[in-house]
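Chain by chain, the residues:
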2 protein chains.
Amino acid sequence: MLTFTEENYLKAIFKLSSKKIDGVSTNSIAEELSTKASSVTDMIKKLSDKKLVKYKKYQGVSLTKKGKQIAVSIVRNHRLWEVFLVEKLNFKWDEVHDLAEDLEHINSEKLTDQLDAFLEFPKYDPHGDPIPDKDGNVYNHKDETLADLQKGEKGIVVGVKEHSKSYLKYLESINLVLGAEIKINDIVEFDNSMSISVNKKTVNISHQASKNLIIKK
Amino acid sequence: MLTFTEENYLKAIFKLSSKKIDGVSTNSIAEELSTKASSVTDMIKKLSDKKLVKYKKYQGVSLTKKGKQIAVSIVRNHRLWEVFLVEKLNFKWDEVHDLAEDLEHINSEKLTDQLDAFLEFPKYDPHGDPIPDKDGNVYNHKDETLADLQKGEKGIVVGVKEHSKSYLKYLESINLVLGAEIKINDIVEFDNSMSISVNKKTVNISHQASKNLIIKK
DNA sequence: TTTAATTTTTAGATAAGTCTAAAAATAAGA
DNA sequence: TCTTATTTTTAGACTTATCTAAAAATTAAA
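Residues numbered from 1 in each chain as written. Chains lettered and ligands numbered in written order. Predicted model: local features only at pLDDT ≥ 70, side-chain atom pairs only at ≥ 80, totals over all residues. Heavy atoms only, no water.

Looking now at the overall build of chain A. The helix and strand tally for chain A stands at 8 helices and 7 strands. Reported as C-alpha extents along the three principal axes, the dimensions of chain A are approximately 55 × 40 × 25 Å. Taking all 217 residues of chain A together, 44% fall into the buried category. Residue pairs at least 24 apart in sequence account for 60% of intrachain contacts in chain A once pairs closer than 6 positions are excluded. Carbon and sulfur atoms make up 48% of the accessible area of chain A, which amounts to about 12300 Å² in all. (Helix = DSSP H or I, 4+ residues; strand = E, 2+ residues; numbered from the N terminus. Buried < 20%, exposed > 50% of the residue type's maximum accessible area, 1.4 Å probe, protein only. Contact = heavy atoms within 4.5 Å. Areas by Shrake-Rupley, 256 points an atom, 1.4 Å probe, with all protein chains shown as cover.)

See below:
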């Protein structure tokens, strides 16, 4: 059995791995977990002893098959709990992350599978992130964002690339929730801000905001 | 914020307090938590510093108002999660304890209250133990057990005093579940075992088993 | 390619929770 | 009451996860 902390390291390495092909750096893990590089080195040695990560000094780190399995199952837990909190307990999409961070560490395959069934096997969490299936397969959205659309094009909101409370609250306030239909009215060339239509209302949205909204055409 | 361990100590002291009027002994806490008396002494000092327990050397320990509040809220969490696991996720009553031991430590008043509402404000957990309300009030069953009934009397199963897997499984195998109606056919004077009727079937039950089954006449 | 900057690792310390073994206090028995 | 037995506490040590500060390795720049 792994500690809470060990599991969080695996999850962090998994998250960072998806962005980089080669080994993940000590520093990036430290930043992801708000800790120090020296602490990361210590922990990586431990995870390496347990054959959960591949590690060579100064060369970065990557997950072994076993380590990846564990990381994915934690992500699966996390996202299923988020669905539960939003769908069943009426939480808002900006309120569930911290609770799911705790709930994800409750390790019981039966619990996870029963929860999955109870929620009727959801494919995505409340932020549009894909929920890994029982075998650990994850089907990510294509990385097309609102910022990639041209004037006149239409799209549907399917996810977010930024999960901060403030961003999520902002999106909700202008009805940019999952499933919302968007039409691009205009793009300001100067700062790439957009005038868009959502729910028959027109709003302006900054580039900073539009490039974090995942869209399906 | 308290650690997992600190919370477990408070819960243990709360449990033991309900059986004794004066201070709870170091040894009994050690036994309850499967740890050593010396560890208990150390932790009690810490909890005392935090004003969660009243403690005088060699005189045992008792919860302060604040300590009791925390303990009760953990018990509330525990029992609500047990209801969730049984009612919503189809767990058996002998499978939920360990999971609830983990889930109970997720501290969020909102989570607890929303869960309570989602479950439609249950009064008892799957073992018949009362669920403390939001204000910390607990309404225990009268301590009348099957062993207290006389020949010819009838009763309804409302709870158990022993929570082991083996006992719970055994009860279920003879249909002695919450709500079951029992009639005492006969009592063997020699060993106080009983012949009883449940669901129109007749079974024999030992004194050891009957004295742990809480009954309402 | 040699020096400078950055990243990573080591060394040594700290805090939490635990343990064993021994000392101190309390309770029980003759 | 005095001695023995039991309970509780103290002392010192260990483990896990963390930190700071300094050393080592790698990368970047002149």
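Next, the rest of the story.
Here the focus is the relation of the copies chain B and chain A. Each copy superposes on the other: chain B lies on chain A with an RMSD of 0.0 Å after a rotation of 180 degrees and an axial shift of 0.0 Å. What the superposition gives is, in effect, a two-fold axis relating one chain to the other. Relative to the rotation axis, the closest C-alpha in chain B is found at B:Leu103, a distance of 3.7 Å. Comparing contact sets, 100% of the residues at the interface of chain B also lie at the interface in chain A, consistent with an isologous, same-surface contact. (Least-squares fit on C-alpha atoms with pLDDT ≥ 70 in both.)

By size, the foremost hydrophobic cluster in this structure holds 33 residues, and its most contacted members are A:Trp81, A:Phe84, A:Leu85, B:Trp81, B:Phe84 and B:Leu85. Counting only elements with at least two residues in this core, the list comes to helix 4 (65–87), helix 5 (97–103) and helix 6 (109–118) of chain A together with helix 4 (65–87), helix 5 (97–103) and helix 6 (109–118) of chain B. Not counting residues within four places of it along the chain, the set of residues in contact with B:Trp81 comprises A:Trp81, A:Phe84, A:Leu103, B:Leu103, B:Glu104, B:Leu111 and B:Leu115. (Core = buried A, V, L, I, M, F, W, Y, C linked by side-chain atoms within 4.5 Å.)

On to the environment of B:Phe121, then. Mapped onto the secondary structure, B:Phe121 falls in the loop between helix 6 and strand 3 (154–160). Between the C-alpha atom of B:Phe121 and that of B:Ser173, which follows or precedes it by 52 residues, the distance is 29 Å.

Right, let's talk about the pairing of strand 6 (residues 201–205) of chain B for a bit. All names here are of chain B. As defined by bridge partners, strand 5 (residues 194–198) adjoins strand 6 across 5 bridges and the pair is classed as antiparallel. Each bridged residue has a counterpart across the sheet, and for Ile196 the counterpart in strand 6 is Val203. Counting the residues that bridge the hairpin from strand 5 to strand 6 gives 2 residues, and of these Asn199 lies at a positive phi of roughly 50 degrees. (Pairing = 2+ DSSP bridges.)

A separate point is the protein's contact with DNA strand C. What surrounds DNA strand C is a group of 21 residues, the closest being A:Lys45, A:Tyr55, A:Lys57, B:Ser39 and B:Lys46. Counting only atoms of DNA strand C within 4 Å of the protein, the fraction found in sugar and phosphate groups is 77%. The contact in question runs from a phosphate oxygen of DNA strand C to an N or O atom on the side chain of A:Tyr55, over 2.5 Å. When contributions to the surface near DNA strand C are tallied by element, the ones reaching two or more residues are helix 2 (26–32) and helix 3 (37–49) of chain A together with helix 1 (4–17) and helix 3 (37–49) of chain B. The element contributing the most residues to the surface near DNA strand C is helix 3 of chain B, with 5 residues. Grouping the constituent residues of the surface near DNA strand C by class yields 6 nonpolar, 10 polar and 5 charged. (Near = heavy atom within 4 Å. Polar contact = N/O pair within 3.5 Å; in protein donor to acceptor, adjacent residues only side chain to side chain. Nonpolar A, V, L, I, M, F, W, Y, C, P; charged D, E, K, R; others polar.)

Let us look at the sheet that holds strand 6 of chain B. Strands in a sheet are paired, the pairing made by backbone hydrogen bonds, and the direction either parallel or antiparallel. All names here are of chain B. Taken together, 5 strands build an open sheet; the order of strands is 6-5-4-3-7 and the sheet is antiparallel. What marks the edges here is a single partner per strand, and that holds for strand 6 and strand 7 (213–216). Here the average twist between neighbouring strands, direction ignored, is 45 degrees. Pairing analysis gives 4 bridges linking strand 3 to strand 7, with the strands arranged antiparallel. In the sheet register, Ile156 faces strand 7, and the bridge partner there is Lys216. Relative to the sheet, helix 7 (residues 165–173) contacts strand 3, strand 6 and strand 7, its axis offset from that of strand 3 by approximately 150 degrees. (Axes fitted to C-alpha atoms, helices over the stretch in contact; angles between N-to-C directions.)

Bringing the domain arrangement of chain A into the picture now. One frequent convention defines the size of an interface as the accessible area lost when the parts assemble. Looking at chain A, the domain boundaries give domain 1 (4–63), domain 2 (72–140) and domain 3 (146–216). Of note, the centres of domain 1 of chain A and domain 3 of chain A, computed from C-alpha atoms alone, are 34 Å apart. (Domains from an automatic or database assignment.)

As a further point, take the interface of chain B and chain A. With 18 residues of chain B at the contact, the number on the chain A side is 18 residues. Taking both sides of the interface into account, the surface hidden between chain B and chain A amounts to around 1500 Å²; carbon and sulfur atoms contribute 79%. For chain B, the biggest contributors to the area lost against chain A are B:Leu89, B:Ile106 and B:Phe118; these three give 30% of the whole. Inspection of the chain B/chain A interface yields 2 salt bridges. Across the pair A:Lys110 and B:Glu95 runs a salt bridge whose closest N-O atoms are separated by 3.1 Å. (Buried area = accessible area lost by both parts, 1.4 Å probe. Salt bridge = Lys/Arg side-chain N within 4 Å of Asp/Glu carboxyl O.)

Okay, the pattern of salt bridges next. Residues and elements named next belong to chain A. One pass over the structure, following the stated rule, counts 28 salt bridges over all chains. With a shortest N-O distance of 3.3 Å, Glu6 and Lys46 are connected by a salt bridge. Here Glu6 is found in helix 1 (residues 4–17), whereas its partner Lys46 is found in helix 3, with 40 residues between them in sequence. Taking the shortest distance from any N to any O, the salt bridge between Glu144 and Lys217 comes out at 3.5 Å. Remark: Lys217 occurs in the segment after strand 7 (213–216) and Glu144 occurs in the loop between helix 6 and strand 3 (154–160); sequence separation between them is 73 residues. Overall, the relative accessible area of 25% leaves Glu144 in the partly exposed class. Here Lys217 falls in the exposed class, since its relative accessible area comes to 57%.

Quick look at the protein's contact with DNA strand D now. Around DNA strand D there are 20 residues in total, and A:Ser39, A:Lys46, B:Lys45, B:Tyr55 and B:Lys57 lie nearest to it. Put simply, 76% of the atoms of DNA strand D that lie within 4 Å of the protein are in sugar or phosphate. A:Thr3 has a polar side-chain atom sitting 2.8 Å from a phosphate oxygen of DNA strand D. Secondary structure elements with two or more residues in the surface near DNA strand D: helix 1 and helix 3 of chain A together with helix 2 (26–32) and helix 3 of chain B.

Right, let's get into the sheet that holds strand 7 of chain A. Residue and element names in this part refer to chain A. Sheet architecture is open: 5 strands sit in the order 6-5-4-3-7, paired in antiparallel fashion. The two strands at the open ends of the sheet, each matched to only one other strand, are strand 6 (201–205) and strand 7. Ignoring strand direction, the axes of neighbouring strands in this sheet form an average angle of 45 degrees. Pairing of strand 4 (residues 181–187) with strand 5 (residues 194–198) involves 5 bridges; the strand directions are antiparallel. Across the sheet, Ile182 pairs through a bridge with Val198, a residue of strand 5. The strands touched by helix 7 (residues 165–173) are strand 3, strand 6 and strand 7; relative to strand 3, the strand with the most contacts, the crossing angle is about 150 degrees.

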